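For reference, the chains in residue letters:
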Amino acid sequence: MQVTKNVLDDAARRKMMAQFRSKDTKPEITVRRALHRLGYRFRLHRRDLPGTPDIVLRRHRTIILVHGCFWHQHDGCRDARMPRTRQDYWSAKFQRNSERDAKITAALTALGWRVLVIWECDARKPELASHLASVLGHAPGHAGLPSVKRPRRPDGPRATPHRPPTSRGIQRSHPRRSVPTGAD
Ligand SMILES: [Zn+2]
């Protein structure tokens, strides 16, 4: 009996661990979308940096870590409640996570990065975008009108020296001839 129970627990745990490890979690995608709408440029999961940080804004020298409230034990958050069973396991697990978080943050800070943590529960709030904008400051190349769609290359359509020059010449000489001169 005891053995069966443990096996099930392990399977459930493995499933949760897999979720924990997975990239592109829902709160992370929410934060990415908000950043994108605000006009920030960023890169994802840079393996060359300590901890493979979720979101890297090179121009702002800022790294955003999107933390799940449960796994990273968001202080005082209702989503960070300790499970009722296997508490020894969980507290050891949480302890390791928070040590790892501290180590990664220290390493990134030592490299000159500013580390910004966005908690899962805060990513759900409507003020996420204004929070990001106030922490990060001005997004380069963004006019501040999020609803206005701009051409992909602002200098594109006007400067087109590579249009075939012949087409114009043909058009000019032809229509003169083909225009009918009278009804009969
Ligand atoms: Zn939270």
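Sequence order as written defines residue numbering, which begins from 1 separately in each chain. The predicted origin of the model limits local features to residues at a pLDDT of at least 70 and limits the giving and counting of side-chain atom pairs to 80 or more, whereas totals for whole chains, interfaces and linings rest on all residues.

Along the chain, pLDDT gives the predictor's confidence residue by residue, from 0 to 100. Taken over all residues, the pLDDT of the chain has a mean of 78, while the share at 70 or more is 63%. This entry defines residue contacts through backbone-placed C-beta atoms, with two residues in contact when those atoms are within 7 Å. Note that pLDDT drops below 50 for residues 143-150; the model gives that stretch two contacts with residues more than four away or on any other chain. Contacts for the low-pLDDT stretch residues 154-161, under 50 throughout, to residues beyond four places or in other chains number two contacts.

Turning to unusual backbone geometry, a few remarks are in order. Within the chain, H45 stands out as a residue other than glycine whose phi angle is a positive 45°. Counting from the N terminus, the helices are the DSSP runs of H or I reaching at least four residues and the strands are the DSSP runs of E reaching at least two. One can find H45 in the loop between β1 (43-44) and β2 (55-57). Even without a glycine there, the phi angle at T52 is positive, about 45°. Within the secondary structure, T52 is located in the loop between β1 and β2. Take T52: there are 13 C-beta atoms within 10 Å of it, and that puts it in the partly exposed class. In this scheme every C-beta is placed from the backbone, and a residue whose C-beta has 20 or more other C-beta atoms within 10 Å is buried, one with 12 or fewer is exposed, and one in between is partly exposed.

Here, strands pair whenever DSSP counts at least two bridges between them. Strand order in the open sheet formed by four strands is β1-β2-β3-β4, with mixed pairing between adjacent strands. Every interior strand has two partners, whereas the edge strands, β1 and β4 (114-119), have only one. Across two bridges, the pairing between β1 and β2 is antiparallel. Bridging across to β2, R43 finds its partner in V56.

With that settled, the discussion passes to the pairing of strand β3 (residues 62-67). The element β3 is largely enclosed, with a buried count of five among its six residues. Here three bridges tie β2 to β3, and the two strands are oriented antiparallel to one another. Counted as the bridge partner of I55 is I64 from β3. Taken together, the six bridges between β3 and β4 define a ladder with parallel strand orientation. Along β4, the bridge assignment pairs L65 with V117. If you view a crossover with the strands going away from you and the path from the first strand over the helix to the second runs clockwise, you call it right-handed. Read from β3 through helix α3 (residues 87-110) to β4, the crossover connection turns out right-handed.

Our focus in this paragraph is the environment of C77. Among the structural elements, C77 can be located in the loop between β3 and α3. Each C-alpha atom of the pair C77 and W119 lies 9.7 Å from the other, and the pair is 42 residues apart in sequence.

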